[in-house]
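Given next are the chains, with one letter for each unit.
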Amino acid sequence: MGTRKALIAGNWKMYTTVVDGCRLALDVAKTAGNFTDREVLIAPPFTILSEVAHVLAGSDIIVASQNVCWAEKGAFTGEISPVMVRAAGGSAAIVGHSERRQIFGETDELINRRVQGALAFGLLTILCIGETLDERESGKTFEVLAAQLKKGLASLAVADMAKVVIAYEPVWAIGTGKTASKEQAQEAHAFIRETLGKIFEKTVAEQTRILYGGSVKPTNIDELMAQNDIDGALVGGAALDAESFGRIIHYQ
Ligand code: 13P
């Protein structure tokens, strides 16, 4: 992994309201430990972002929004601005999650605007990419990943990439209990790293953190983190249980 600091991120999706969300955040903070080689991030629903940030104020845990608009403010019904995320105590945002792409029709172009907006307001930006089962089975995985990277990161400068994290989440592995094998994940991560080098330059490839997401559990985190190009995890289901998420944070 070289000098890249690991990042273990929990995406709570559309789960938790204020009482259970704050309890979960508190329990995660208790078990997170004080690592110097890894960071922990939680992305609660928008409605409890500020409460969770408040609960986590004394900890090093990063609070993220699950999506973010590009504009500071304006007529964007149903959206949340990067300034709002910051004011609520967040310092990061997930962008381009496959559920946004697949269920809500977000395109690479729209996602690129979100990435640019998040960066313009200083948010650590986690850009999610990943192929569907159909795409994998028809041999298009690399083509899809390269296109999502190129379009998602369009117009960014090398310096912007210091605040960008890529999350590789094969759609077929999300919420299905089907994890990509460590070999499949490593292969995709190595390809993503190589592509970042082509889009930007070698230092970007070396320094950008690439997280794996899709049925990450306490039982598979160790072997995933042992791969050269896997720098962390974006965890869904297992992040909703403090004990499981704690174990994932404490990967070996
Ligand atoms: P699961 O860990 O539930 O498969 O979800 C992965 C995910 O989508 C994280 O963003």
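A quick note: this is a predicted structure, and the numbers were derived from the prediction, not measured.

Thresholds applied
Residues numbered from 1 in each chain as written. Predicted model: local features only at pLDDT ≥ 70, side-chain atom pairs only at ≥ 80, totals over all residues. Heavy atoms only, no water. Axes fitted to C-alpha atoms, helices over the stretch in contact; angles between N-to-C directions. Helix = DSSP H or I, 4+ residues; strand = E, 2+ residues; numbered from the N terminus. Left-handed = near helix turned anticlockwise from the far one by under 90°. Contact = heavy atoms within 4.5 Å. Nonpolar A, V, L, I, M, F, W, Y, C, P; charged D, E, K, R; others polar. Buried < 20%, exposed > 50% of the residue type's maximum accessible area, 1.4 Å probe, protein only. Right-handed = clockwise from strand over helix to strand, strands pointing away. Pairing = 2+ DSSP bridges. Polar contact = N/O pair within 3.5 Å; in protein donor to acceptor, adjacent residues only side chain to side chain. Near = heavy atom within 4 Å. Phe/Tyr/Trp six-rings, centres within 6.5 Å; stacked < 30°, edge-to-face > 60°. Lys NZ or Arg CZ within 6 Å of the ring centre and 35° of its normal. Salt bridge = Lys/Arg side-chain N within 4 Å of Asp/Glu carboxyl O. Core = buried A, V, L, I, M, F, W, Y, C linked by side-chain atoms within 4.5 Å. Disulfide = S-S within 2.5 Å.

## Considering the packing of helix α1 (residues 18-32) against helix α11 (residues 242-249)
So, step 1. The N-to-C vectors of α1 and α11 enclose an angle of 35 degrees; their axes lie 9 Å apart at closest approach. Once α1 is placed against α11, the crossing between them reads as right-handed. Touching L24, D27, V28, T31 and A32 of α1 are A242, F245, G246 and I249, all from α11.
So, step 2. The residue inventory of the contact of α1 with α11, partitioned by class, reads 6 nonpolar, 2 polar and 1 charged.

## Some words on the pairing of strand β1 (residues 6-11)
So, step 1. Burial analysis of β1 places 6 of its 6 residues in the buried class, which makes it a mostly covered element.
So, step 2. Residues A6, I8 and G10 line one face of β1 and the alternating positions L7, A9 and N11 line the opposite face, and both faces are buried.
So, step 3. The parallel pair β1 and strand β2 (residues 38-43) is bridged by α1, and the resulting crossover is right-handed.
So, step 4. Relative to strand β8 (residues 232-235), β1 runs parallel, the two sharing 4 bridges. Looking at β8, one finds that I8 is bridged to A233.

## Some words on the side chain of R114
So, step 1. With respect to the element layout, R114 can be found in helix α5 (residues 108-120).
So, step 2. At a separation of 3.4 Å, a polar atom in the side chain of R114 contacts the side chain of N67.
So, step 3. Among all residues touching R114, those that are not within four sequence positions of it are N67, V68, C69, W70, E79, V95 and E106.

## A look at the site of the ligand
So, step 1. Around the ligand, the neighbouring residues are N11, K13, H97, E169, A173, I174, G175, G214, S215, L234, G236 and G237.
So, step 2. Note that an oxygen atom of the ligand is positioned 2.8 Å from one of the side-chain N or O atoms of H97.

## Some details on the packing of aromatic side chains
So, step 1. Throughout the structure, instances matching the rule amount to 3 aromatic pairs.
So, step 2. For the pair W70 and F76, a centre-to-centre distance of 5.9 Å together with 80 degrees between the ring planes defines the contact as edge-to-face.
So, step 3. Note on F76: relative accessible area 34%, which makes it partly exposed.
So, step 4. Relative to Y212, the ring of Y168 has its centre 6.3 Å away and its plane inclined at 55 degrees; by these criteria the two rings are tilted. Note that Y168 is positioned in strand β6 (residues 164-168) and Y212 in strand β7 (residues 209-213), a separation of 44 residues in sequence.
So, step 5. Stacked on the ring of F35, the Lys or Arg R38 has its end atom at 4.1 Å from the ring centre.
So, step 6. One cation-aromatic arrangement involves R38 over Y251; the distance from NZ or CZ to the ring centre is 3.8 Å.

## Side note on the pattern of salt bridges
So, step 1. In the structure shown here, the tally under the stated rule is 16 salt bridges.
So, step 2. We note a salt bridge from E131 to R136, for which the minimum N-O separation is 2.7 Å.
So, step 3. By relative accessible area, which is 0% here, E131 ends up buried.
So, step 4. One salt-bridge network, in which partners are shared between bridges, spans R4, R193, D229 and D231.

## Some details on the nonpolar core
So, step 1. In this structure, L153, I166, I192, L196, Y212 and F245 are the most contacted members of the largest nonpolar core, which totals 64 residues.
So, step 2. Tallying contributions element by element places helix α8 (residues 182-199) first for this core, with 5 residues.
So, step 3. Apart from residues lying up to four places away in sequence, L153 is in contact with N112, L127, M161, V164, I166, L196 and F200.
So, step 4. The next biggest cluster of nonpolar side chains, apart from the first, holds 15 residues, and it includes A9, A43, V165 and L234.

## Side note on the sheet that holds strand β5 (residues 124-129)
So, step 1. Pairing within the closed barrel is parallel, and its 8 strands lie in the order β1-β2-β3-β4-β5-β6-β7-β8. Taking the axes of each pair of neighbouring strands and ignoring which way they run, one obtains an average angle of 25 degrees across the sheet.
So, step 2. In terms of strand pairing, β1 meets β2 through 6 bridges, oriented parallel. Note on β2: the bridge partner recorded for I8 is V40.
So, step 3. Docked against the sheet, α8 engages β5, β6 and β7, running at close to 150 degrees with respect to β7.

## Some thoughts on the state of the cysteines
So, step 1. Per the counting criterion, the structure on display carries 0 disulfides.
So, step 2. Of all cysteine sulfurs, the one in C128 lies closest to C69, which takes part in no disulfide; the gap is 17 Å.
So, step 3. C69 sits in the buried class, given a relative accessible area of 2%.

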